[in-house]
Amino acid sequence: MSNEKTIKSALISVFSKDGLEPIIKKLNEQGVTIYSTGGTQAFINDLGVEVVPVEDVTSYPSILGGRVKTLHPKVFGGILNRQNNDQDKAELAEFEIPQIDLVIVDLYPFEKTVASGASEQDIIEKIDIGGISLIRAAAKNYADVVCISSMNDYSEFLDIITEQNGTLTLEQRKHFARKSFNVSSHYDSAIFNYFNQNNEETVLKLSEQKGQVLRYGENPHQKGFFFGDFDEIFTKLNGKELSYNNLLDVDAAVNLINEFKGEAPTFAILKHNNACGVAQRATLKEAYADALAGDPVSAFGGVLISNTEIDLATAEDIHNLFCEVVIAPGFSDEALELLKGKKNRIILVLQDIELPKSNVRTCLNGVLVQDKDNVTDALEDLSEATNNKPTESELNDLIFASKICKHTKSNTIVLAKNNQLLASGTGQTSRVDALNQAIHKAQSFNFDLKGSVMASDAFFPFPDCVEIADNAGVTAVIQPGGSIKDQLSIDYCNEHDVAMVFTGTRHFKH
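Note that the coordinates shown come from a computational prediction; the quantities given were computed from them, not determined experimentally. (Residues numbered from 1 in each chain as written. Predicted model: local features only at pLDDT ≥ 70, side-chain atom pairs only at ≥ 80, totals over all residues. Heavy atoms only, no water.)

**Some points on the overall build of the chain**
To keep things clear, this is the line we draw: Helical segments are the DSSP runs of H or I of at least four residues, strand segments are the runs of E of at least two, and each set is numbered from the N terminus. Only the C-alpha atoms count toward the radius of gyration. The rule for a globule is 2.2 Å times the residue count to the power 0.38. Here the term buried applies to any residue with accessible area under 20% of the maximum for its type, exposed to any over 50%, and partly exposed to those in between, with areas from a 1.4 Å probe on protein chains only. For the accessible areas, the method is Shrake-Rupley and the probe is 1.4 Å, while residue cover comes only from the protein chains on display.
Of regular secondary structure, the chain possesses 19 helices and 23 strands. Computed over the C-alpha atoms, the radius of gyration of the chain is 31 Å, more than 25% above the 24 Å expected from 2.2 N^0.38 for a compact globule of 510 residues. Viewed in the frame of its principal axes, the chain has a C-alpha envelope of about 95 × 55 × 40 Å. For the chain, with 510 residues in total, the buried portion stands at 48%. Put simply, the chain shows about 25,300 Å² of open surface, and 49% of that area lies on carbon and sulfur atoms.

Written as structure tokens, this is what we have:
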């Protein structure tokens, strides 16, 4: 296997011609014979560069409306032959097959066509057959052939052939082969996932083309990576690079604030994926102040998020707090200028896009996949379980608390009043412990729990929680219901004038 190969011939067949011109001119300058078809052939001709039509090699025209152009033994023989194999060389001579040293392909834009909302017929026509076959053949035979399968690689390839006068090492050819199989596998995954939108095949195919190395994982001794298009969701305006833990908190913050999209100004502060402060008020400045009051200790070093543009008045208060990340749909010029005063503070503008519909996580030697919990409890979903009916004010607080509860680690209890998170008990093995934690925390920050409401992510199998809550001052409860012992909690509430509503939906978050 020769280490160095000099390009003497090339087959070029691309959908997009962007960035191709300098490569064509450089190959022509180096005396490379160029083969091509259709639109690419016309593009090369227009550059004044001589090109051999593939039809002249195969003696077949492009047929079936362009569906078949390069699928021919004389094309694939020229790519797949082993240049150090005497039998292969003899067959090339016998069948008059030209040697092809370089293949440049840009596939039909299947994913963009799907994303555009095109018709099924248009989408099907954007499934590349010849191009993907050329990529696989050339990448397989990297020992003798260079495969350039993406416009993203044009610049690197041009630099190499310029600096090395059209010669590539074995390591460089293998490098481009690896990139090519990444392109082909991603392309096939996208096509399969389009056909499997209803999960008729219980198969998971994930392919993320954009990725970045993080400073580390959850802890400094762990490696960390993020795979996804961060820039599709956020515009980063300031600050250091986000860490693994930052990204987890940002994800939790975005999912929580989406519950309040389009509502009155709402501000949330999160720490370790859980909200430690949330409030909804007439102004954002008031919402921030009351969110911070929920737990000013935990807010230190937290992630802050708003459902509306952050103004200067709010930014002035935020600026006094050490926080890792501030997220909002927008920032006034004055607010942004102030918040950028701390160079490490990460400032993100949240774009209005649809988030993934599934959750994926590793488990044992495999992965777990589930539909995202897209149910948001609403007034029309509630059924009144007790004789004592909640007031209008309590109903508003119950829905507010339920939204927060849904995004808090189980087992959890959330206490709220006047559209403000008073406290929550998070991630406890006992629901009683979660409630006691919430009560203790609320009282430690001098909140009056009289007239507050309680939300639980799951049902109460015993009346102990409603009794503890009642004694603390809670007057209304929202919970899924569904326990065979629901009546015990209902009876207690009826006897002590506590209102209780059922949602019918459990919101475990493990």
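**Concerning the state of the cysteines**
Filter applied, for reference: Disulfides are defined as pairs of cysteine sulfur atoms found within 2.5 Å of each other.
Taken as a whole and assessed by the stated rule, the structure comprises zero disulfides. With no disulfide of its own, cysteine 405 has cysteine 465 as its nearest cysteine by sulfur position, at a separation of 12 Å. Cysteine cysteine 493 shares no disulfide, and the gap to the nearest cysteine sulfur, in cysteine 465, comes to 11 Å. The exposure class assigned to cysteine 493 is buried, which follows from its relative accessible area of 0%.

**Quick word on helix α8 (residues 130–140)**
The criterion, for reference: The contact rule is simple, with two residues in contact once any of their heavy atoms fall within 4.5 Å.
Counting buried positions along α8 yields eight of eleven residues, so the element is predominantly enclosed. Inspection of α8 places Gly130, Gly131, Ile132, Leu134, Ile135, Ala137, Ala138 and Ala139 among the buried residues, and these make up the whole buried set. Where the residues of α8 are buried, they touch β2 (9–14), α4 (73–80), β5 (102–106), β6 (146–148) and α10 (170–195).

**Quick notes on the sheet that holds strand β13 (residues 302–306)**
Which entries qualify depends on this criterion: When DSSP finds at least two bridges between two strands, those strands are taken to pair. To obtain each axis, a line is fitted to C-alpha atoms, and for helices this fit is confined to the stretch in contact; angles are then taken between N-to-C directions over 0 to 180 degrees.
Ordered in space as β10-β15-β14-β13-β11-β12, the six strands form an open sheet in which the pairing is mixed. Unpaired on one side and paired on the other, β10 (234–238) and β12 (274–280) mark the two borders of the sheet. Mean inter-strand twist for the sheet, computed between neighbouring axes without regard to direction, equals 20°. Where strand β14 (residues 323–328) meets strand β15 (residues 346–350), four bridges bridge the pair, whose relative direction is parallel. Following the sheet pairing, alanine 328 is matched in β15 by valine 349.

**Quick look at the packing of aromatic side chains**
Going by this rule: Think of it this way: a Phe, Tyr or Trp ring, Trp meaning its six-membered ring, pairs with another when their centres are within 6.5 Å, and the plane angle makes it stacked under 30 degrees, edge-to-face over 60, tilted otherwise.
For the structure shown, the criterion picks out eleven aromatic pairs. Ring centres of phenylalanine 110 and tyrosine 187 lie 6.3 Å apart, and the angle between their planes is 65°; on these two criteria the pair is classed as edge-to-face. One end of the pair, phenylalanine 110, is in helix α6 (residues 110–115); the other, tyrosine 187, is in helix α10, and 77 residues separate them in sequence. Of the two residues examined, phenylalanine 110 and tyrosine 187, each falls in the buried class.

Everything listed here is a matter of geometry and, on its own, says nothing about what the molecule does.
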